[in-house]
Amino acid sequence: MSVVLDEAANIRPVCLELADALAQLPPAEVIFVDDGSTDDTLALLMAVRAEGILPQLRILSHDRRLGKSAGLRTGIEAARGAWVATLDGDGQDNPFEFIRMFELAQQAPGRAPLVVGVRAKRQDRLSRRVATRFANGLRSRLLDDGCPDTGAPLKLFLRQDFLRLPQFEGLHRFLPSLMGRHGVPLVCTPVGHRGRLHGQSKYTNLNRALVGIRDVLGVMWLNNRARIPDHITER
């Protein structure tokens, strides 16, 4: 699934590549959540479905911009499958990575894991790479989540594991820590990363940093206050 905002120029190429990748995966629905776009994103999604490029496409639309985490919640609540795979709608992620990620999830012993596609070589401008490296380092040190790229768009996890988490904007950057608190194992695997096809990011380094620091403190509080049993016995 993908949450998109004003990505009209990227919709068709992303969906075409996604359709090719899905041909090598088990049958799956595809969910796009339009987060209040003001361009032709919604119309192009509907055209992609009507043309048969992605006949299994489901399109959900917010009446206004609510943020990526809210969009993920909308899509995952509506999803019918047990597994959820996420990617961005800007063309920077390669959906063929899901093939290997799903294999890793199936091969993992014990409880189903959260699989994170760690971007080995970021294809972003220098300032964005530096800001992301700092943010990931700070989160890793404070939360000890064992993930070098918590904001990575390519993730695979069980729907039920996501829905048990508290909802707040920025949640998607803390899944390793929050799911780990519930005993979900983490599997990190390197994935490719590409330059954005068209347009520009909807976030700036400054707003990411300011909100990110507040969110890290909030997640630390949640983890500290959580009381989750290792086992539950019914008698």
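Higher on the page you've got the structure.
None of these values were measured; they are calculated from a predicted model.

*Asks:* Lay out the pattern of salt bridges in plain terms, naming residues and giving numbers.
*Replies:* A full pass over the atoms with the stated rule returns 11 salt bridges. With a shortest N-O distance of 3.0 Å, Glu 29 and Arg 58 are connected by a salt bridge. Here Glu 29, found in the loop between α1 (8-22) and β2 (30-34), pairs with Arg 58, found in strand β3 (residues 57-61); they are 29 residues apart in sequence, far enough to count as distant. One salt bridge in this structure joins Lys 68 and Asp 88, with 2.7 Å as the shortest N-O distance. Residue Lys 68 is located in helix α3 (residues 68-78), and its partner Asp 88 is located in the loop between β4 (83-86) and α4 (97-107); the two are separated by 20 residues in the primary sequence. Owing to a relative accessible area of 17%, Lys 68 belongs among the buried residues under this scheme. In this structure, a network of salt bridges that share partners links the residues Glu 29, Arg 58 and Arg 80.

*Asks:* Mind laying out α1, listing which residues take part and the relevant values?
*Replies:* Owing to its 3.6 residues per turn, the α-helix brings residues three or four apart onto one side. Taking 1.5 Å as the rise per residue, α1 with 15 residues should run 21 Å; its terminal C-alpha atoms sit 22 Å apart, in good agreement. Those residues of α1 lying buried are Ala 8, Asn 10, Ile 11, Val 14, Cys 15, Leu 18, Ala 21 and Leu 22. Along its buried surface, α1 packs onto β1 (2-4), β2, α2 (41-50) and α4.

*Asks:* Tell me about the pairing of strand β5 (residues 114-119), residues and numbers included.
*Replies:* Judged by how many residues are buried, β5 sits mostly within the fold: six of six residues are covered. Alternating positions in β5 separate into two faces, Leu 114, Val 116 and Val 118 on one and Val 115, Gly 117 and Arg 119 on the other, with burial throughout. Where β5 meets strand β7 (residues 186-191), six bridges bridge the pair, whose relative direction is parallel. From the neighbouring strand, Leu 114 faces β7, where its bridge partner is Leu 186. Where β5 and strand β6 (residues 155-158) come together, two bridges link them in antiparallel fashion. Bridge pairing in β6 places Val 115 opposite Leu 156.

*Asks:* Help me get a handle on a nonpolar patch on the surface, residues and values and all.
*Replies:* On the surface, Leu 142, Ile 213, Leu 217 and Met 220 cluster together into a nonpolar patch covering about 340 Å² of accessible area. Top element by residues in the nonpolar patch is helix α8 (residues 205-225). It accounts for three residues. With respect to the helices and strands, Met 220 occurs in helix α8. Here Met 220 falls in the partly exposed class, since its relative accessible area comes to 31%.

*Asks:* Which residues make up the packing of aromatic side chains, and what are the values?
*Replies:* Considering all chains together, one arrives at three aromatic pairs under this definition. Arranged with centres 6.2 Å apart and planes meeting at 85°, the rings of Trp 83 and Phe 102 form a pair that is edge-to-face. Pair noted here: Trp 83 is in strand β4 and Phe 102 is in helix α4, with a separation of 19 residues, a long-range link. Residue classification places Trp 83 among the partly exposed residues on the basis of a relative accessible area of 26%.

*Asks:* Outline the sheet that holds β6, supporting the account with residue identities and numerical values.
*Replies:* Pairing between the strands of a sheet is mediated by backbone hydrogen bonds and can be parallel or antiparallel. Spatially, four strands are ordered β4-β6-β5-β7 in an open sheet, and the strand pairing comes out mixed. Edge strands, defined here as strands with exactly one partner in the open sheet, are β4 and β7. Mean inter-strand twist for the sheet, computed between neighbouring axes without regard to direction, equals 20°. Against the sheet, α4 engages β4, β5, β6 and β7, with an angle of about 155° to β7.

*Asks:* Residue-level account of the side chain of Asp 93, with values.
*Replies:* The topology assignment puts Asp 93 in the loop between β4 and α4. Buried charged residue Asp 93 carries no salt bridge. Nearest counter-charge: Arg 119, at 5.9 Å. Looking at Asp 93, its side chain comes within polar contact range of the main-chain nitrogen of Asp 88, at 2.8 Å. With residues up to four places along the chain from it excluded, the contact list for Asp 93 reads Glu 17, Leu 87, Asp 88, Pro 153, Leu 154, His 193 and Arg 194.

*Asks:* Break down α4 for me, citing the residues and quoting the values.
*Replies:* Turning to α4, its buried residues number three or more, namely Glu 97, Phe 98, Ile 99, Met 101 and Ala 105. Looking at the buried side of α4, the elements it contacts are α1, β4, β5, β6 and β7.

About the criteria used
- Residues numbered from 1 in each chain as written.
- Predicted model: local features only at pLDDT ≥ 70, side-chain atom pairs only at ≥ 80, totals over all residues.
- Heavy atoms only, no water.
- Salt bridge = Lys/Arg side-chain N within 4 Å of Asp/Glu carboxyl O.
- Helix = DSSP H or I, 4+ residues; strand = E, 2+ residues; numbered from the N terminus.
- Buried < 20%, exposed > 50% of the residue type's maximum accessible area, 1.4 Å probe, protein only.
- Expected span 1.5 Å × (residues − 1).
- Contact = heavy atoms within 4.5 Å.
- Pairing = 2+ DSSP bridges.
- Patch = residues over 30% accessible without salt bridge, like charges linked within 9 Å, V, L, I, M, F, W, Y side chains within 5 Å.
- Areas by Shrake-Rupley, 256 points an atom, 1.4 Å probe, with all protein chains shown as cover.
- Phe/Tyr/Trp six-rings, centres within 6.5 Å; stacked < 30°, edge-to-face > 60°.
- Axes fitted to C-alpha atoms, helices over the stretch in contact; angles between N-to-C directions.
- Lys, Arg positive; Asp, Glu negative; His and termini not counted.
- Polar contact = N/O pair within 3.5 Å; in protein donor to acceptor, adjacent residues only side chain to side chain.

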